[in-house]
Amino acid sequence: MPSKILITGILTCLLCFSAFAQDEKKEKEEKVLPKEFVTDSIVKVSNPINPLSPAKAAFYSAILPGLGQAYNKKYWKIPIVYGAIGTGVYFYINNNKEYNRFRDAYKSRLAGFTNDEFYIDSDGNQLTTPRLSTEKLEDAQEFYRRNKEISLLVTLGFYALNIIDANVDAHLLQYNIDENLSLAPHYKFNEFDAKSNLGLTLNFNF
């Protein structure tokens, strides 16, 4: 009888030891990462923030329009910048040319001459009565002077927007844009009072 109890005790100890060894082996295996996980894992390292980057982009665009956009690697914006500024410059030059044209004729009239371009018809013949009176010349000068000033202001506005765009772009490039956070316009038609509600919807997914 004692021998049976001894054998039973020994077998119980062996079973406990085997179970303990298996649990310890399993725990060690769980601590070690699988080879595939180590190989396929991707660690994202955020780019360091450069506080001087927006100032540099704005400075470059102030020196040469479009240079700040190139610094931000937004090359597709460079033709837009030159197209906008070039359009303003074109209209300024054209309005300035027309202004000087009517001003020269007006000054010639005041000096007592009758040989300005409006005293000559399309065939080159001298006219006794000008095609445009002195009052019309004054109105034309005022019209093209005003358009010239507007064209200059528009050109300077596009130049300033070019600097602002480069500065803002450089700021935004350093922000972490998460797809889980979105801001979208919201429109809803209220059926009770027949009115429309317009606003912004902020969605955050987690």
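Within each chain, residue numbers correspond to sequence positions counted from 1 in written order. It should be noted that, the model being predicted, local features are given only for residues of pLDDT at least 70 and side-chain atom pairs only at 80 or more, the latter also being counted only at that level, while totals for whole chains, interfaces and linings use all residues. The basis for every side-chain value is the complete set of heavy atoms in the structure, and neither hydrogens nor water enter the calculation.

(A) Examining the pattern of salt bridges more closely. By definition here, a salt bridge exists when the distance from a side-chain nitrogen of Lys or Arg to a carboxyl oxygen of Asp or Glu is within 4 Å. By the definition in use, this model includes eight salt bridges. Among the ionic pairs, Arg-145 bridges to Glu-149, the shortest N-O distance being 2.9 Å. Within this pair, Arg-145 and its partner Glu-149 are both found in helix H6 (residues 134-172), separated by four residues, close to a single helical turn. In this structure, a network of salt bridges that share partners links the residues Lys-74, Lys-77, Asp-165 and Asp-169. Put simply, DSSP H or I for four residues or longer makes a helix, DSSP E for two residues or longer makes a strand, and each gets a number counted from the N terminus.

(B) Spatial organisation of unusual backbone geometry. In the Ramachandran plot, Lys-73 falls in the positive-phi region, its phi being about 65 degrees despite a non-glycine side chain. Relative to the helices and strands, Lys-73 resides in the loop between helix H4 (67-71) and helix H5 (77-110).

(C) View of the nonpolar core. Put simply, a nonpolar core is a bunch of buried Ala, Val, Leu, Ile, Met, Phe, Trp, Tyr and Cys residues held in one set by side-chain atoms that sit within 4.5 Å of each other. Note on exposure labels: buried denotes an accessible area under 20% of the residue type's maximum, exposed denotes more than 50%, and partly exposed covers the range between, all computed with a 1.4 Å probe on protein chains only. Of all hydrophobic cores here, the largest spans eight residues; its members are Tyr-99, Phe-102, Ala-105, Tyr-106, Phe-118, Leu-137, Ala-140 and Tyr-144. Those elements giving two or more residues to this core turn out to be H5 and H6. The dominant element in this core, judged by the number of residues it contributes, is H5, at four residues. Two residues qualify as a contact provided that any one of their heavy atoms is within 4.5 Å of a heavy atom in the partner residue. If we skip the residues at most four places from it in the chain, Phe-102 touches Phe-118, Leu-132, Leu-137, Ala-140, Gln-141 and Tyr-144.

(D) Structural context of the packing of aromatic side chains. Two aromatic rings, drawn from Phe, Tyr or Trp (for Trp, its six-membered ring), form a pair once their centres lie within 6.5 Å of each other, and the interplanar angle then sorts them: stacked below 30 degrees, edge-to-face above 60, tilted otherwise. Inspection of every chain in the model, using the stated rule, returns six aromatic pairs. Judged by centre distance (5.4 Å) and plane angle (75 degrees), the rings of Tyr-90 and Phe-91 are edge-to-face. Among the residues examined, Tyr-90 registers a relative accessible area of 53% and is labelled exposed. Ring centres of Phe-102 and Tyr-144 lie 5.7 Å apart, and the angle between their planes is 15 degrees; this geometry places the pair in the stacked category. With Phe-102 in helix H5 and Tyr-144 in helix H6, this residue pair connects regions lying 42 residues apart in the sequence. Each of the two residues, Phe-102 as well as Tyr-144, counts as buried. Its end group placed over the ring of Phe-102, Arg-101 keeps NZ or CZ at 5.1 Å from the ring centre. We call a charge positioned above a ring when the Lys NZ or Arg CZ atom is no farther than 6 Å from the ring centre and deviates by at most 35 degrees from the ring normal.

(E) Structural context of H5. By this rule the span expected of a helix is its residue count minus one, scaled by 1.5 Å. The first and last C-alpha atoms of H5 sit 50 Å apart over 34 residues, in line with the 50 Å expected at 1.5 Å per residue. One or two positions beyond H5, positive phi appears at Gly-112, with a value near 95 degrees.

Geometric values such as these leave the question of function open.
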